[in-house]
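For reference, the chains in residue letters:
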Amino acid sequence: MATCPRGCAPAVRLCQKLNRLKTLDGDMMATSLKRCLSTLDLTLMGVGGMVGSGLYVLTGTVAKDMAGPAVIISFIFAGIASLLAAFCYAEFGASIPKTGSAYMFTYVSVGELWAFLIGWNVILENMIGGAAVARAWSGYLDSIFNHAIQNFTETHIMQWHVPFLAHYPDLLAAGILVVASVFISFGVQVSSYLNHIFSSISMGVIVFILVFGFVLAEPANWSQEQGGFAPFGLSGILAGSATCFYAFVGFDVIASSSEEAKNPQKAVPIATAISLGLAATAYILVSTVLTLMVPWRTLDPNSALADAFFRRGYSWAGIIVAVGSICAMNTVLLCNLFSLPRIVYAMAEDGLFFSIFARVNPLTKVPVNAILVFGILMAAMALMFDLEALVQFLSIGTLLAYTFVAASVIVLQSQAISEDTDEPKQYESLSDKIQLVDSQVTRERRGVGQLKACWEPYLDRLVGDCEPGEVVAFCVTGLIVSSVSLCVVLKFGNNELQLPVWSFAMLLVIFSLALILSLALIWVHEPRKNSKTFQVPLVPLTPGVSILINIFLMMKLSLLTWIRFTVWIAIGLFVYFGYGIWHSKEGKRELQPKDMAARYVVLPSGSLVETVQSVQPDGQVDTSGHLISSASNPAAEECAEKR
């Protein structure tokens, strides 16, 4: 086995620490939280997380400025793109029913540092999302009372003129966040009950909008005299799809709640599919009604639905729409305040974040410290920052999390996992591919992560000597790199880079072929078959397309967003190297005596099986008469002779 010079040993140990994986206990259902959520609870949480203020604001904005009545097609495209990401979350939420969502999924398949950075960004996304919704909620309610609250605050309390800060402190937005945090700290059942109430009212208002809106519909508003169905053409539809994609952000609250679900293996996939279907249906039908009620050119982007009813002479209907809008924003607020503390709790439970946030109240069975502290921080953001400044930074962390979860699905499906063991489970990371035995022995058994038998005559010489899952891991890296390169050329090739036509076309072909080759090499390897829980269909195509879409949308973000993202990542690295890497439970596990969960090479009848057993002295024979070699002994790195 190759050895490295003594000087590089510290660097190797550091890389191993950064890429160590979370070891999952055999009993996936064991938790200090309370498992009480049903499929209906999870479904309503998903609907509440997706159908918020976007239904009342985003539909009018996209229709007027980007796509016209073809906003319907934009929402269909965006719904399909979101479905690809939702599939990946559903598989992980069902197979690994632990709180933490994208952070947890990355930790078990990619590595510790990457998981921390994903969790760190998701924390900021939830804080910004909650603060932005609270300010939108406050502004909407204030507009009903003719901005009396804003005028009173500016006149009698205070106002300031500082860049990136609001002109006045939004006490109403901060207050609603504090009150909501207190309610959520009472327990998951209280949160679910409140979400049921607001979601039911919101869906009732949506039904009213659809029924009454179709009664008032005028097909002439889609005629050529008004600009036709797609006045901005295909480019407008695609631009609208990119914006509409963010309307579906919020379904990950279902995966975040999997540790509190009664039967996550069934409930998480079903709730994800139903909630995404209901949200997409609501957005498509409301867009249809809106553009049929009034000409799309005359829509008010700030309050399109209420204004449409007002202009048709039904101002009383605008009050009902306002009630629905406030209830919808309440559900989004609850979902943000619900999922954020659980991600913080998961990171603290693993030792990567301050341990005070890992404490669970014995009575309510929720992480009260995380709820209250981050609820107050969110309230402080809503108090001071302007809504526009918050929204600009809202999407990059979510898209990054989607990308890593999709990549983790491909990695996970290339690894053999024992489903019926009570021993801790250790997944292999992208960078943790260690050669255990000679390649001649590994070729004797075709298992998960190995070359499919039908492709062995053609590709065995090229990749046959690699360890199971090793080629897939490299191809996932190649898939991400080629996707980034392709999106950079598409976004900046003609304008910023000013590439010649031949150079632009050549780069497109090269990176497209690299992407297709990566997908093909992943596909020719055996996937993991699991009939017990939901699995993403058409792997690696489904997660591969999701990765490409997410990266393309990230490339469309502004430079200022990327600068803020870089600063936040730098702060996160300071926290990780200052605290997380030293208190990681996986790091402490490595220092414990290896009496359990050690790696072994077992050679029954000449075939290779990698399993987890109790440590036995070197050279011992197990009950079935097979030679067992401990991986902690250098002798395990040699090939055992066939019996």
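Cut-offs and rules
- Residues numbered from 1 in each chain as written.
- Predicted model: local features only at pLDDT ≥ 70, side-chain atom pairs only at ≥ 80, totals over all residues.
- Heavy atoms only, no water.
- 1 Å grid on protein atoms, 1.4 Å probe; cavity = no way out; pocket = protein on both sides within 12 Å on 5 of 7 lines; lining within 4 Å.
- Points joined across faces, edges and corners; volume = space filled by probe spheres on them.
- Helix = DSSP H or I, 4+ residues; strand = E, 2+ residues; numbered from the N terminus.
- Buried < 20%, exposed > 50% of the residue type's maximum accessible area, 1.4 Å probe, protein only.
- Core = buried A, V, L, I, M, F, W, Y, C linked by side-chain atoms within 4.5 Å.
- Domains from an automatic or database assignment.
- Contact = heavy atoms within 4.5 Å.
- Polar contact = N/O pair within 3.5 Å; in protein donor to acceptor, adjacent residues only side chain to side chain.
- Expected span 1.5 Å × (residues − 1).
- Salt bridge = Lys/Arg side-chain N within 4 Å of Asp/Glu carboxyl O.
- Axes fitted to C-alpha atoms, helices over the stretch in contact; angles between N-to-C directions.
- Left-handed = near helix turned anticlockwise from the far one by under 90°.
- Nonpolar A, V, L, I, M, F, W, Y, C, P; charged D, E, K, R; others polar.
- Arc of directions from axis to C-beta.
- pLDDT = per-residue confidence, 0-100.
- Parallel < 35°, antiparallel > 145°, perpendicular 65-115°, else oblique.

(A) Up close: empty space enclosed by the protein. Within the structure shown, the criterion is met by four cavities of 30 Å³ or more. Reported here for the second largest cavity is a volume of approximately 50 Å³. Lining the second largest cavity are Met45, Ile184, Ser191, Asn195, Leu334, Cys335 and Phe338. Counting only elements with at least two residues in the lining of the second largest cavity, the list comes to helix 9 (188-215) and helix 14 (315-349).

(B) Structural view of the environment of serine 235. Following the sequence through the fold, serine 235 ends up in helix 10 (residues 233-244). Taking the relative accessible area as the measure of exposure, serine 235 reaches 55% and is therefore exposed. Serine 235 sits 168 residues away from alanine 67 along the chain, and the two C-alpha atoms are 8.5 Å apart.

(C) Focus on the nonpolar core. Within the largest apolar cluster, 157 residues are counted, with the highest numbers of intra-cluster contacts made by Tyr56, Tyr89, Phe248 and Phe353. Formed jointly, this core draws a minimum of three residues from each of two domains, domain 1 (48-415 + 544-585) and domain 2 (448-527). By size, the runner-up hydrophobic cluster in this structure holds 13 residues, among which are Leu42, Val253, Ala267 and Phe338.

(D) Structural context of the environment of asparagine 550. Relative to the elements of secondary structure, asparagine 550 occurs in helix 22 (residues 541-555). Sequence spacing of asparagine 550 and alanine 406 is 144 residues, and the spatial spacing of their C-alpha atoms is 9.8 Å. Those residues in contact with asparagine 550 that lie beyond four places of it in its chain are Phe245, Leu399, Tyr402 and Thr403. A polar contact is formed between the side chain of asparagine 550 and the backbone oxygen of serine 546, at a distance of 2.9 Å.

(E) Focus on helix 10. Helix length check: helix 10 (twelve residues) gives 16 Å between terminal C-alpha atoms against 16 Å at 1.5 Å per residue, within 8%. On the buried face of helix 10, the contacting elements are helix 3 (53-67), helix 4 (71-95) and helix 22.

(F) Main features of the pattern of salt bridges. With the rule as written, the count across this model stands at nine salt bridges. Where glutamate 112 meets arginine 20, a salt bridge forms, and the shortest distance between an N and an O atom there is 3.0 Å. With glutamate 112 in helix 6 (residues 112-144) and arginine 20 in the loop between helix 1 (9-18) and helix 2 (39-50), this residue pair connects regions lying 92 residues apart in the sequence. With a relative accessible area of 0%, glutamate 112 lands in the buried category. By relative accessible area, which is 7% here, arginine 20 ends up buried. One salt bridge in this structure joins arginine 135 and aspartate 170, with 3.9 Å as the shortest N-O distance. You can see arginine 135 sitting in helix 6 and its partner aspartate 170 sitting in the loop between helix 7 (148-157) and helix 8 (171-184), a full 35 residues away along the chain. Both residues of the pair, arginine 135 and aspartate 170, count as buried.

(G) Structural view of the packing of helix 9 against helix 12 (residues 264-293). Relative orientation of the contacting elements helix 9 and helix 12 amounts to 35°, with a least axis distance of 9 Å. The two elements helix 9 and helix 12 cross, and the hand of that crossing is left-handed. Of helix 12, the residues touching helix 9 (which contributes Ile206, Ile209, Leu210, Gly213 and Phe214) are Ala282, Leu285, Val286, Thr288, Val289, Leu292 and Met293. Of the residues that constitute the contact of helix 9 with helix 12, the class distribution is ten nonpolar, two polar and no charged.

(H) Quick peek at unusual backbone geometry. Between valine 539 and the following residue, proline 540, the backbone shows a cis peptide bond with an omega angle of 10°. Considering the arrangement of structural elements, one finds proline 540 in the loop between helix 21 (501-523) and helix 22. If you check the backbone angles, serine 101 has positive phi at about 50° while not being a glycine. Structurally, serine 101 can be placed in the loop between helix 4 and helix 5 (102-109). Positive phi is not limited to glycine here, since leucine 538 has a value of about 55°. Its location among the elements puts leucine 538 in the loop between helix 21 and helix 22. Judged by its relative accessible area of 63%, leucine 538 is exposed.

(I) Examining the side chain of serine 138 more closely. Mapped onto the secondary structure, serine 138 falls in helix 6. Excluding residues that lie within four positions of it along the chain, serine 138 makes contacts with Asp170, Leu172 and Ala173.

(J) Structural context of the side chain of serine 199. On the secondary structure map, serine 199 appears in helix 9. Taking the relative accessible area as the measure of exposure, serine 199 reaches 3% and is therefore buried. Beyond its immediate stretch of four places on either side in the chain, serine 199 contacts Leu44, Gly48 and Thr331.

(K) Main features of the environment of glycine 119. Structurally, the position occupied by glycine 119 is in helix 6. Residue classification places glycine 119 among the buried positions, given a relative accessible area of 0%. Note: C-alpha distance between glycine 119 and serine 101 (18 residues apart in sequence) is 8.6 Å. Leave out the neighbours within four places in its chain, and glycine 119 touches Tyr103, Ile343 and Met347.

(L) Main features of helix 15 (residues 368-384). In this model helix 15 runs 25 Å from its N-terminal to its C-terminal C-alpha over 17 residues, within 8% of the 24 Å that 1.5 Å per residue would give. Listed as buried for helix 15 are Val368, Ala370, Ile371, Phe374, Gly375, Met378, Ala379, Met381 and Ala382. What you see down the axis of helix 15 is that its buried residues fit within an arc of 155°, all on one side.

(M) Broad picture of the confidence of the model for the chain. Of the residues in the chain, 84% reach a pLDDT of 70 or more, and the chain-wide mean stands at 82. Contacts from residues 432-445, a stretch scored under 50 in pLDDT, to residues over four places away or in other chains number 36 contacts.

(N) Here's a closer look at the packing of helix 20 (residues 470-492) against helix 22. Across the interface, helix 20 lies against helix 22 with an axial gap of 9 Å and an inter-helix angle of 40°. Considering their axes alone, helix 20 and helix 22 lie oblique with respect to each other. Crossing of helix 20 against helix 22: the hand is right-handed. On helix 22, the residues that touch Leu479, Ile480, Ser483, Val484, Leu486, Cys487, Val488, Lys491 and Phe492 of helix 20 are Gly544, Ile547, Leu548, Ile551, Phe552 and Met555.

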